[in-house]
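Remarks on the overall topology
Spelled out from the first residue to the last, the chains are:
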Amino acid sequence: MPNNSILTLDRLDKTYPGGIHAVKNLSFKLKDGSICALLGPNGAGKSTAIGMICGLCRPSEGSLYFRGEKIVPGSTEYRSKIGVVSQHLNLELDLSAWQNLKIHALLYGMGKQEREKRIERLLIDADLIQRKNDQVRSFSGGMKRKLQIIRALLHGPELIILDEPTVGLDPAAREGIWDIIYALNRDGKTILFSTHYMEEAQRYSQRVAIIHQGRIIRDNTSAALIKELGSWCLIDYSDGIKQTTFFQDRKTAVTSGARGSSRLVIRETTLEDLFIHLTGSELDRKENGK
């Protein structure tokens with residue numbers, strides 16, 4: 001396995017009871033020190049892939065490698081090298097922020113001096129130190145998410161996996177979460193995140209992997225993927241039907257639009273345009289933003 005790949009998925013398959021084939025021959029390499037977005041419509045196999053990476057479910061076939069070493073299913077050594085932030089809130093709401101972090105530190109066998117130093121440092125970095133003794137129940141959504149992230153960092157993992165890290169948060173809270181994630185990457189942490197917010201993936205990730213029907217169908221920078229499709233799009237809303245055509249330059253799009261109807265929009269292509277073009281799926285933000 002290449003030395004610059006921190007994580008390699010080699011022909012993973014996952015079949016659930018009843019013959020549900022969620023992941024099919026999935027291969028993927030995550031570059032050390034990178035920020036990568038894993039995108040996919042509902043039912044594409046994204047959650048199953050993340051579950052296998054996190055060790056929450058075992059592949060039916062195929063292998064995973066961490067820094068070139070094959071991962072043994074259930075390996076505590078591997079789990080100590082990754083930090084996982086679930087989409088769903090899994091904090092102890094009746095405990096304080098400090099107590100939540102202390103429990104996590106104890107589970108990883110951290111000594112008192114080390115854990116107290118790291119807990120305090122992380123709470124300061126997340127701007128939560130003034131609320132360290134408050135019940136988590138009283139925290140805002142953004143504060144709870146920050147606490148989940150720093151809890152995943154407490155044991156010093158090399159790879160951080162975030163499942164929908166900003167789901168349901170307001171724009172200011174989302175920006176605060178990304179400040180933390182970017183700081184982690186600058187410190188050398190590798191970030192793998194899933195999201196249904198296409199603008200986040202386009203803005204923050206260095207690489208995008210799109211999974212559809214259990215397979216990775218595209219894997220590149222968002223800029224390269226968009227250029228492959230066409231950097232400009234012409235959208236025609238005539239007759240109540242939306243038709244989108246892609247072009248490599250604005251001039252060609254304008255020229256083509258001049259021959260069409262007056263109900264046209266010409267703009268730069270986005271990652272969401274690409275996603276919809278490849279998967280045929282609009283993202284249900286309302287459902288996933290609850």
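Above: the structure in question.
Analysis parameters
Counting starts from 1 at the beginning of each chain's written sequence and moves along it residue by residue. Local features in this predicted model are restricted to residues of pLDDT 70 or higher, and side-chain atom pairs are both shown and tallied only at a pLDDT of 80 or more, whereas totals for entire chains, interfaces and linings draw on every residue. Only hydrogens and water are set aside when side-chain values are computed; all heavy atoms of the structure are taken into account. What counts as a helix is a DSSP run of H or I of at least four residues, what counts as a strand is a run of E of at least two, and both are numbered from the N terminus. Our radius of gyration looks at C-alpha atoms and nothing else; its globule reference is 2.2 Å times the residue count to the power 0.38. Only protein chains enter the calculation, and the probe is 1.4 Å; a residue is then buried if its accessible area is under 20% of its type maximum, exposed if over 50%, and partly exposed in between. Surface exposure here means Shrake-Rupley accessible area, sampled with a 1.4 Å probe, where a residue is shielded only by the protein chains that are shown. Neither His nor the chain termini are counted; the positive set is Lys and Arg, and the negative set is Asp and Glu. Note that the charge is assigned to NZ on lysines, CZ on arginines, CG on aspartates and CD on glutamates. The rule for a salt bridge is simple: a side-chain nitrogen of Lys or Arg has to be within 4 Å of a carboxyl oxygen of Asp or Glu. Note on contacts: a residue pair qualifies if any of its non-hydrogen atoms lie within 4.5 Å across the two residues.

Attention shifts here to the overall build of the chain. Scanning the chain from N- to C-terminus turns up eleven helices and 13 strands. Over its C-alpha atoms the chain spans a radius of gyration of 21 Å, differing by no more than 12% from the 19 Å that the globule rule assigns to 290 residues. Considered along the principal axes of its C-alpha atoms, the chain spans approximately 70 × 45 × 40 Å. Burial status across the chain gives 47% buried among its 290 residues. Accessible surface for the chain amounts to roughly 14900 Å². Of this, 47% is attributable to carbon and sulfur atoms. Treating the 41 positive side-chain charges of the chain as one cloud and the 34 negative ones as another, the clouds have centres 2 Å apart.

This brings us to the pattern of salt bridges. Within the structure shown, the criterion is met by 13 salt bridges. The partner of R11 in a salt bridge is D10, with the nearest N and O atoms 3.2 Å apart. With a closest N to O distance of 3.4 Å, R203 and E175 form a salt bridge. A residue pair is termed long-range when its members are at least 10 positions apart, and R203 in helix α7 (residues 198-204) and E175 in helix α6 (residues 171-186) qualify at 28 residues.

For the rest of this paragraph, the subject is the environment of K132. Inspection of the secondary structure puts K132 in the loop between α4 (112-125) and α5 (141-153). Note: C-alpha distance between K132 and I161 (29 residues apart in sequence) is 24 Å. Apart from the residues within four sequence positions on either side, K132 is in contact with S96, A97, W98 and L123.

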